[in-house]
There are 2 protein chains.
Amino acid sequence: MITVVVAPGHLAAGVAVPVPEEEVHHLRVRRGAATDPVRVVDGCGTVATGALEWQGKDAAVRVEHTERVPAPVPLVVAAGAGDRERFLALIEKATELGATLVVPLATERAASVATGVRASHRPRLSRRALEALKQCGGAWAPEVAPPEDLTHFLARSLPAARWLADQGGSDEPAGGAGPLALAVGPEGGFTEEERDRLLGAGFAPVRFGPNTLRFDTAVTAALTAAWLARQRETHGR
Amino acid sequence: MITVVVAPGHLAAGVAVPVPEEEVHHLRVRRGAATDPVRVVDGCGTVATGALEWQGKDAAVRVEHTERVPAPVPLVVAAGAGDRERFLALIEKATELGATLVVPLATERAASVATGVRASHRPRLSRRALEALKQCGGAWAPEVAPPEDLTHFLARSLPAARWLADQGGSDEPAGGAGPLALAVGPEGGFTEEERDRLLGAGFAPVRFGPNTLRFDTAVTAALTAAWLARQRETHGR
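Conventions we followed
- Residues numbered from 1 in each chain as written.
- Chains lettered and ligands numbered in written order.
- Predicted model: local features only at pLDDT ≥ 70, side-chain atom pairs only at ≥ 80, totals over all residues.
- Heavy atoms only, no water.
- Helix = DSSP H or I, 4+ residues; strand = E, 2+ residues; numbered from the N terminus.
- Rg over C-alpha atoms; globule rule 2.2 N^0.38 Å.
- Contact = heavy atoms within 4.5 Å.
- Areas by Shrake-Rupley, 256 points an atom, 1.4 Å probe, with all protein chains shown as cover.
- Lys, Arg positive; Asp, Glu negative; His and termini not counted.
- Charge placed at Lys NZ, Arg CZ, Asp CG, Glu CD.
- Axes fitted to C-alpha atoms, helices over the stretch in contact; angles between N-to-C directions.
- Parallel < 35°, antiparallel > 145°, perpendicular 65-115°, else oblique.
- Left-handed = near helix turned anticlockwise from the far one by under 90°.
- Nonpolar A, V, L, I, M, F, W, Y, C, P; charged D, E, K, R; others polar.
- Least-squares fit on C-alpha atoms with pLDDT ≥ 70 in both.
- Domains from an automatic or database assignment.
- Salt bridge = Lys/Arg side-chain N within 4 Å of Asp/Glu carboxyl O.
- Polar contact = N/O pair within 3.5 Å; in protein donor to acceptor, adjacent residues only side chain to side chain.

(A) Region of the structure containing the overall build of chain A. Of the regular secondary structure elements, chain A holds six helices and 11 strands. What you see for chain A is a C-alpha radius of gyration of 19 Å, in line with the 18 Å of a compact globule of 237 residues. For chain A, the spread of C-alpha atoms along the principal axes amounts to about 60 × 45 × 30 Å. Within chain A, residue pairs in contact and separated by at least 24 positions form 70% of the contacts whose partners lie at least 6 positions apart. Summed over its atoms, the accessible surface of chain A is roughly 10,000 Å², and 52% of this surface lies on carbon and sulfur atoms. Looking at chain A, you have 26 positive and 28 negative side-chain charges, and the mean spots of the two groups are 3 Å apart.

In structure tokens, the structure reads:
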């Protein structure tokens, strides 16, 4: 079944929801019968099914059924605002693995990455989250923040369980079964001062593999570790 | 410290090991004093340190010290020979997370991926593994096989513990602490027939996250799960 993404707040049974322009092209390429059922997600927990209706070059979905998917456990990912192609991959993986918020961190070493994430890239990053959501079958896309510095990030209301991806850290990640904040440095890592601030804010150094991981690998690995911890808790293991 | 990769079999104390041409450029960009210590890896478990010697446009490392790193636990990754850019990312992640062999699987649905991995891409895939090895600080790069079909793959001598990444699978990955074979479908997944053959060969369906994962995400997640299982076993948890 084809999935399309629409803006939040429009999905209700009986309503004809206009399909955004960038989605129409995708639909046209994969166009089947006009009445093929279509899955519609808004990235905020509403999943609908309906029938595709073409009106000339425009398309709409006549919603037949909607479902609310409960909000996922808060999983905050803060990663150095490094290379934007890597960051786009990171956003994709974070979406697949259930992150609820992704914050590009404007750290000292990220600043020297010529291809680093800037505030102007935010629409593209958010778009990638929605594309990943279509692929992975989820209902909630992570919010993608504009780049912010450590002071702003640490001033947020963050989950109590906090991991700092760190090759020198513990290989016993604890506390990952509930709400979690994860901090991952950019290429070259956090500076000692940044690391000290994160440690001071309760981020526990954890490692997720035998070697030093690229920052996008570390995010995928850490979110997997958190998911496995949730499953173990669910099953009482 | 700068790391360079050389072909296996040359690293011994006192020897001046020529630096391959593609590495020389990298060294020139980052060129420091001619006697800066350099780390040299061969991807097959030998790690050396030595001094850089420039001879005109060429460079060599005068090896001072070598160390043998024990071979890692066998971790075989077979993944659908899908989009090659994703496969390159997969190779990078597999290297960071300690895979010992990566097999691109020529499956039915991979065949229809226009940008899929072909036999001619093997040098580029192997090169990416060595690049990742330099970054991650490891000593062993995975062998990268040319694309092969399921019949050839299943005729290999594979580890007894076998996981099939499958969103409908168990969330209790078992047996991941030792030698392991992992099978991941390409875009669109394995066909039912391919899946049946893998199940028949003892591959247990396992899922690694809340949603359907892209194949490169699934590889990273599965290797992380295996690593965590090894740590738990090491610590007797």
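Structure shown, so let's carry the discussion forward.
(B) Looking closely at the packing of helix α2 (residues 84-96) of chain B against helix α3 (residues 122-136) of chain B. All names here are of chain B. Across the interface, α2 lies against α3 with an axial gap of 8 Å and an inter-helix angle of 40°. Between α2 and α3, the interaxial angle falls into the category oblique. Seen from above, α2 lies across α3 with right-handed handedness. Across from R84, E85, F87, L88, A89, I91, E92, T95 and E96 in α2, the residues of α3 making contact are R124, L125, R128, A129, A132, L133 and C136. Class assignment for the residues of the contact of α2 with α3 results in nine nonpolar, one polar and six charged.

(C) Here's a closer look at the relation of the copies chain B and chain A. Between chain B and chain A, the superposition needs a rotation of 180° and an axial shift of 0.0 Å, giving an RMSD of 0.0 Å. Expressed as a symmetry operation, the mapping of one chain copy onto the other fits a two-fold axis. The rotation axis passes nearest to the C-alpha of B:A221 in chain B, at a distance of 3.0 Å.

(D) Spotlight on the domain arrangement of chain A. All names here are of chain A. When the domains of chain A are assigned, the result is domain 1 (2-68) and domain 2 (75-234). The straight-line distance from the C-alpha centre of domain 1 to that of domain 2 is 31 Å. Taken together, the contact between domain 1 and domain 2 spans 13 residues of the former and 10 residues of the latter. Linking domain 1 to domain 2 there are three salt bridges. Ionic pairing is found between E22 and R127, a salt bridge with its closest N-O pair at 3.2 Å. Where domain 1 meets domain 2, there are eight residue pairs in polar contact (both at pLDDT 80 or more). Classifying every residue of the side of domain 1 that touches domain 2 gives five nonpolar, four polar and four charged.

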